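# Structural features, examined
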Amino acid sequence: MAATEDVTESRLLLAEYDRIKEEQKTRIGFRDNLLYFTLAASTAVVAITLQSAKAQLLLAIPAICLVLGWTYLVNDEKISAVGCYIRDQLGPRLAELSGAGGAVFGWEIYHRGDASRIMRKRLQTAVDLFTYLALPMACMVAFWCSPAVQPLLVIVSLAQTVALAVLGWQILRYAER
């Protein structure tokens, strides 16, 4: 009986807070590393392409950027969702249970009021679009302008262009958070 008496809604909510903050922290590290890995992988493909003079290898970069860009976007969305959940659900429930006069987990609200936040979000969106959209599109244009153009590879590159457009649209859509 004593063990169940120690389990209160407040304790459960605080334990949930600890777990989702840990998940958020892990996702932030993973997301940030995806950006670096994308740039490193793209640089490696460009280097191999230049050494081998096989322009069709440039079509690997859009594939890399699509897979890693989508993974980046999903992690970024989950990071934002955790913050939103804490601000809109968990914090108010704990404030009510504790009788706190104001918001709990104030950092979740405070850091969003930073005067530079909007500019930082716009710059981050520009970096994301450059990395996951402009870079692979530049590689496709380089491929299209090369003598390696073949009908099947053009079809592949056009499909990649459509997929990149969808990814770019999703990046812009989620940038509002």
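Analysis parameters
- Residues numbered from 1 in each chain as written.
- Predicted model: local features only at pLDDT ≥ 70, side-chain atom pairs only at ≥ 80, totals over all residues.
- Heavy atoms only, no water.
- Helix = DSSP H or I, 4+ residues; strand = E, 2+ residues; numbered from the N terminus.
- Rg over C-alpha atoms; globule rule 2.2 N^0.38 Å.
- Buried < 20%, exposed > 50% of the residue type's maximum accessible area, 1.4 Å probe, protein only.
- Contact = heavy atoms within 4.5 Å.
- Lys, Arg positive; Asp, Glu negative; His and termini not counted.
- Charge placed at Lys NZ, Arg CZ, Asp CG, Glu CD.
- Phe/Tyr/Trp six-rings, centres within 6.5 Å; stacked < 30°, edge-to-face > 60°.
- Lys NZ or Arg CZ within 6 Å of the ring centre and 35° of its normal.
- Axes fitted to C-alpha atoms, helices over the stretch in contact; angles between N-to-C directions.
- Parallel < 35°, antiparallel > 145°, perpendicular 65-115°, else oblique.
- Left-handed = near helix turned anticlockwise from the far one by under 90°.
- Nonpolar A, V, L, I, M, F, W, Y, C, P; charged D, E, K, R; others polar.
- Core = buried A, V, L, I, M, F, W, Y, C linked by side-chain atoms within 4.5 Å.
- Salt bridge = Lys/Arg side-chain N within 4 Å of Asp/Glu carboxyl O.

## Structural notes on the overall build of the protein chain
Scanning the protein chain for helices and strands turns up six helices and zero strands. Along the protein chain, from the amino end to the carboxyl end, the secondary structure elements read α-α-α-α-α-α. Compactness check: the protein chain gives a C-alpha radius of gyration of 22 Å against a globular reference of 16 Å for 177 residues, more than 25% above the reference. By its C-alpha atoms, the protein chain is 75 × 40 × 25 Å across when sized along the principal axes. Taking all 177 residues of the protein chain together, the buried fraction comes to 33%. Summarising the internal contacts of the protein chain: among those between residues at least 6 apart in sequence, 74% fall at separations of at least 24. Charged side chains of the protein chain number 17 positive and 16 negative; the gap between the two group centres comes to 8 Å.

## Considering the packing of aromatic side chains
The relation between two aromatic rings is expressed through the spacing of the ring centres and the mutual angle of the planes. In the structure shown here, the tally under the stated rule is two aromatic pairs. With a centroid separation of 3.8 Å and 10° between ring planes, the pair formed by Tyr17 and Phe105 is classed as stacked. Of this pair, Tyr17 sits in helix H2 (residues 9-52) while Phe105 sits in the loop between helix H3 (60-98) and helix H4 (107-110), and the two are 88 residues apart along the sequence. One exposure class covers both Tyr17 and Phe105, and it is buried. Taking 5.3 Å as the distance between ring centres and 40° as the angle between the ring planes, the aromatic pair formed by Tyr72 and Tyr132 counts as tilted. Here Tyr132 lies in helix H5 (residues 117-144) and Tyr72 lies in helix H3, a separation of 60 residues in the sequence. A relative accessible area of 0% means that Tyr132 is categorised as buried. Here the guanidinium or amino end of Arg173 rests over the ring plane of Tyr174, the centre of that ring lying 5.2 Å away.

## Notes on the packing of H2 against H3
Where H2 meets H3, the axes come as close as 9 Å, and the angle between the chain directions of the two elements is 160°. In terms of orientation, H2 and H3 fall into the roughly antiparallel class. For the pair H2 and H3, the crossing hand works out as left-handed. Of the residues in the contact of H2 with H3, the class split is 25 nonpolar, seven polar and eight charged.

## Let's talk about the nonpolar core
Counting 22 residues, the largest nonpolar core has Leu34, Ile61, Tyr72, Tyr132, Leu167 and Ile171 as its most contacted members. Within the residue set of this core, elements represented by two or more residues are H2, H3, H5 and helix H6 (151-174). In contact with Leu167, not counting residues within four places along its chain, are Cys65, Leu66, Gly69, Trp70, Leu73 and Tyr132. One finds Leu13, Val82, Leu90 and Leu94 within the second-largest nonpolar core, a separate group that totals eight residues.

## Here's the deal with unusual backbone geometry
One non-glycine residue, Ala53, lies in positive phi territory at about 60°. You can see Ala53 is positioned in the loop between H2 and H3. Ala53 gets classed as exposed once you look at its relative accessible area, which sits at 68%.

## A word on the pattern of salt bridges
Inspection of the entire model under this criterion finds eight salt bridges. Put simply, Asp114 and Arg120 hold a salt bridge, and the shortest N to O gap is 2.7 Å. If you follow the salt bridges from partner to partner, you end up with Arg31, Asp32 and Asp76 in one network.

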